Amino acid sequence: MNRVWLVVLLGLLVAGCGQQKKELRLLNWSDYMPKEVLEEFEKREGIKVVEDTYDSPEAMLSKLQAGGDAEYDVLITPDYTVGSLARAGSLQELDKAKIPNLKNLDPQFTDPAFDPGGRYSVVYQWGTTGLAYREDLAQGPVESWAVLFDPAKQVGRFLLLDEMREMVGAALKYIGESVNTTDPDKLAQAQRLLLEAKRRSQGFAGGTSIRDRLIAGDIAVGPAYSGDILAAQAENPQLKYVIPVEGATLWTDNLVVLKKSPNHELAYKFINFLLEPEIAAQISNSIGYATPVVAAMDQIEEKDNPIIYPSPEIRARLELLADLGDQADAFNKVWSEVKSR
């Protein structure tokens, strides 16, 4: 009798292991995915979503290098990192037959310059990086990157964004160059501007920290992501956002599948789920960034808000960050000098 029960018990244990719920592991920016969206996917698939977050691309890359490339299934990553991750062999080339909702994307996002043909990535959200400021604290106009880079035009305490391409790009825009230039002289000039700005600043911080410090009144101005400021204006209407006269970046954050992911099929299902018009609208309405899902636009609450969807005139001053390939080392050297000195 004992042997019979032992066999039955072992059978139940094996069956239980076979029915063990899978996990989808997601690595994402902080405050960048509504909890309700993850819960809906869990409900549909009968699985658990485990989300880890990061505050800078450097922190994200450190997680991947520490073994996260085999731990996470889906990564949400900035546009300019897609090419380098693909060249490093970290990304799975997408099987688009498994993502039928790609048909819902705005055509302008289906063939991005940083990932021709969308071989490795799907745009998740897009936005701009401009200047956020407290109207009641800024001691002068906030219209130009000069509030960071010209001591005579500083309007109060400020932070710098802890994001290499955005900050080097801002310095390049200020001197009239492309955010993607690799000209050594122009990069050296940008480095000098950043070092001088660093000395006068309150240091470096992630986007959400800059938002929170602005709300608290600890600083008067700082570089910021458009969606962060839109959400924060409900807490403090004195918080404003502007695209500098010199121009700024139009960025995208992108869904990619890690090559060593333990759950490729679940990763594809998740990406396809996020491209459903109702889900895409729910995401953008919640976090305040622009959706690339054109089929969702009739459900977007803030589609007439220029902070999220800039006018054609402002769009003309915006520039996408390109994949620089081997030339990225020039930016890395500038950033390393700025952060270490």
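Relevant structure appears above.
Note that residues are indexed from 1 along each chain, following the sequence as it is written. Restriction of local features to residues with pLDDT of at least 70 applies here, the model being predicted, together with a cutoff of 80 or more for giving and counting side-chain atom pairs; totals for whole chains, interfaces and linings are based on all residues. Where side-chain values are given, they derive from all heavy atoms of the structure, hydrogens and water being excluded.

*Asks:* Hey, could you run me through the overall build of the chain in this one?
*Replies:* Helix numbers and strand numbers start at the N terminus; a helix is a DSSP run of H or I with at least 4 residues, a strand a run of E with at least 2. Along its length, the chain carries 13 helices and 10 strands. In terms of overall dimensions, the chain is globule-like: its C-alpha atoms have a radius of gyration of 22 Å, near the 20 Å expected for 341 residues. By its C-alpha atoms, the chain is 90 × 40 × 40 Å across when sized along the principal axes. In this description, contact between two residues means that some pair of their heavy atoms is separated by no more than 4.5 Å. Within the chain, contacts between residues separated by at least 24 positions form 75% of all contacts whose residues are at least 6 apart in sequence. As a reference, a globule follows 2.2 Å times the number of residues to the power 0.38, and the radius of gyration itself is taken over C-alpha atoms.

*Asks:* Looking at this structure, how should I read helix α3 (residues 57–65)?
*Replies:* Along an α-helix, residues three or four apart share an orientation, since each turn contains 3.6 residues. Along α3, the residues classified as buried are P57, M60 and L64. For α3, the buried positions fall inside an angular range of 60° around the axis, keeping them on one side. Looking one or two residues beyond α3, the residue adopting positive phi is G67, at roughly 115°. Throughout this description, buried means an accessible area under 20% of the type-specific maximum (1.4 Å probe, protein chains only), exposed means over 50%, and partly exposed covers the range between. Arc definition: it is the arc formed by the directions from the helix axis to the C-beta atoms.

*Asks:* It is not clear to me how the packing of helix α6 (residues 164–174) against helix α7 (residues 184–200) should be interpreted in this structure. Could you clarify?
*Replies:* Helix-helix packing is described using two parameters, namely the angle between the two axes and the distance between the axes. The geometry of α6 relative to α7 is characterised by a closest axis approach of 9 Å and an angle of 105° between their N-to-C directions. Classified by the interaxial angle, the pair formed by α6 and α7 is roughly perpendicular. When α6 is examined against α7, the residues M167, V168, A171, L172 and Y174 are found in contact with a partner set consisting of K186, L187, A190, L193 and L194. Residues of the contact of α6 with α7, tallied by class, amount to nine nonpolar, no polar and one charged. A fitted line through C-alpha atoms serves as each axis, taken over the contacting stretch for helices, and the angle formed by two N-to-C directions is quoted from 0 to 180°. Oblique is the label for every angle not falling under 35 degrees (roughly parallel), over 145 degrees (roughly antiparallel), or within 65 to 115 degrees (roughly perpendicular). Classes in brief: Ala, Val, Leu, Ile, Met, Phe, Trp, Tyr, Cys and Pro nonpolar; Asp, Glu, Lys and Arg charged; the others, Gly included, polar.

*Asks:* Explain the pattern of salt bridges here, please?
*Replies:* Oppositely charged side chains may form a pair once their charged atoms are brought near each other. Any carboxyl oxygen of Asp or Glu that lies within 4 Å of a side-chain nitrogen of Lys or Arg is treated as forming a salt bridge with it. Scanning the entire structure with this criterion turns up 22 salt bridges. A salt bridge links E319 to K173, with the nearest nitrogen and oxygen atoms 3.0 Å apart. Linking E319 in strand β10 (residues 318–320) with K173 in helix α6, this pair joins segments that are 146 residues apart in sequence. K173 carries the same exposure label as E319, and that label is buried. Here R200 and E196 are joined by a salt bridge, their closest N and O atoms 2.8 Å apart. Here the residue R200 and the residue E196 both occupy positions in helix α7, the gap between them amounting to four residues, near one helical turn.

*Asks:* It is not clear to me how empty space enclosed by the protein should be interpreted in this structure. Could you clarify?
*Replies:* Rolled over the atoms, a probe as big as a water molecule pinpoints where empty space is left. Grid points spaced at 1 Å and placed over the protein atoms alone form the basis of the search, with a cavity being a set where a 1.4 Å probe fits but cannot get out and a pocket an open set showing protein on both sides within 12 Å along at least five of seven lines. Lining residues have an atom within 4 Å of a point. Grid points are joined across faces, edges and corners, and a volume is the space filled by probe spheres set on the points. Counting across every chain of the model gives two cavities of 30 Å³ or more. Each pocket or cavity is described by its volume, and for the largest cavity that value is around 220 Å³. Contributing to the lining of the largest cavity are 20 residues, with W29, Y32, Y225, D253 and Y289 lying nearest its centre. Secondary structure elements with two or more residues in the lining of the largest cavity: α4 (79–87), α8 (207–216) and β9 (248–257). Per element, the largest residue contribution to the lining of the largest cavity is three residues, and it comes from β9.

*Asks:* Where do I start with the layout of surface pockets in this structure?
*Replies:* A volume near 380 Å³ is recorded for the largest pocket. For the largest pocket, the lining is made up of 19 residues, of which Y80, S84, M164, A328 and N332 are closest to its centre. Looking at the lining of the largest pocket, the elements with two or more residues in it are α3, α4, α6 and α13 (328–340). Taken together, the residues of the lining of the largest pocket sort by class into eight nonpolar, five polar and six charged.

*Asks:* I would appreciate a short explanation of the packing of aromatic side chains in the present structure.
*Replies:* Two numbers describe a pair of aromatic rings. These are the distance of the centres and the angle of the planes. Two rings from Phe, Tyr or Trp (for Trp, the six-membered ring) form a pair when their centres sit within 6.5 Å of each other. Planes less than 30 degrees apart are called stacked, planes more than 60 degrees apart edge-to-face, and all others tilted. Applying the stated criterion across every chain, the model contains 13 aromatic pairs. Aromatic pair Y32 and Y124: ring centres 5.3 Å apart, planes at 80°, arrangement edge-to-face. Of this pair, Y32 sits in the loop between β1 (23–29) and α2 (35–45) while Y124 sits in strand β4 (residues 122–134), and the two are 92 residues apart along the sequence. Ring geometry for W251 versus Y289: centroids 5.3 Å apart, planes at 65°, classification edge-to-face. One end of the pair, W251, is in strand β9; the other, Y289, is in the loop between α11 (277–287) and α12 (312–315), with 38 residues separating them in the sequence. Of the residues examined, Y289 reaches a relative accessible area of 5% and is grouped as buried. Here the aromatic residues W29, Y32, Y54, Y124, Y225, W251 and Y289 are joined through ring pairs into a cluster of three or more. Note that R165 overlies the ring of F331, its terminal NZ or CZ placed 4.9 Å from the centroid. Across the ring face of F204, the terminal group of K339 is positioned such that the distance to the ring centre comes to 5.2 Å. The criterion is that NZ of a Lys, or CZ of an Arg, lies within 6 Å of the ring centre and within 35 degrees of the ring normal, and then a charge sits over that ring.

*Asks:* Sorry if this is basic, but what is going on with the pairing of β4 here?
*Replies:* The side chains of a regular strand alternate, residue by residue, between the two faces of the sheet. Within β4, 13 of the 13 residues are buried, which leaves the element mostly enclosed by the surrounding structure. Two strands pair when backbone bridges link them, and β4 and β9 are joined in this way by seven bridges, in the antiparallel orientation. The residue bridging G127 from the neighbouring strand is W251, located in β9. Think of it this way: DSSP has to see at least two bridges between two strands before they count as a pair. Sheet topology note: the β4/strand β7 (residues 221–225) ladder contains five bridges and is antiparallel.

*Asks:* What is the right way to look at α13 in this model?
*Replies:* A helix is expected to span 1.5 Å for every residue after the first. With 13 residues, α13 ought to run about 18 Å at 1.5 Å a step, and its terminal C-alpha atoms sit 18 Å apart, in line with that. Regarding α13, the residues found buried are F331, V334, W335 and V338. In an axial view of α13, the angular spread of the buried residues amounts to 95°, which keeps them on one side of the axis. Exposed side chains of α13 directed beyond 90 degrees from the buried face belong to K333 and S340. Where α13 is buried, its residues meet α3, β5 (160–161), α6, α7 and β6 (204–205).

Read these as spatial facts, not as claims about activity.
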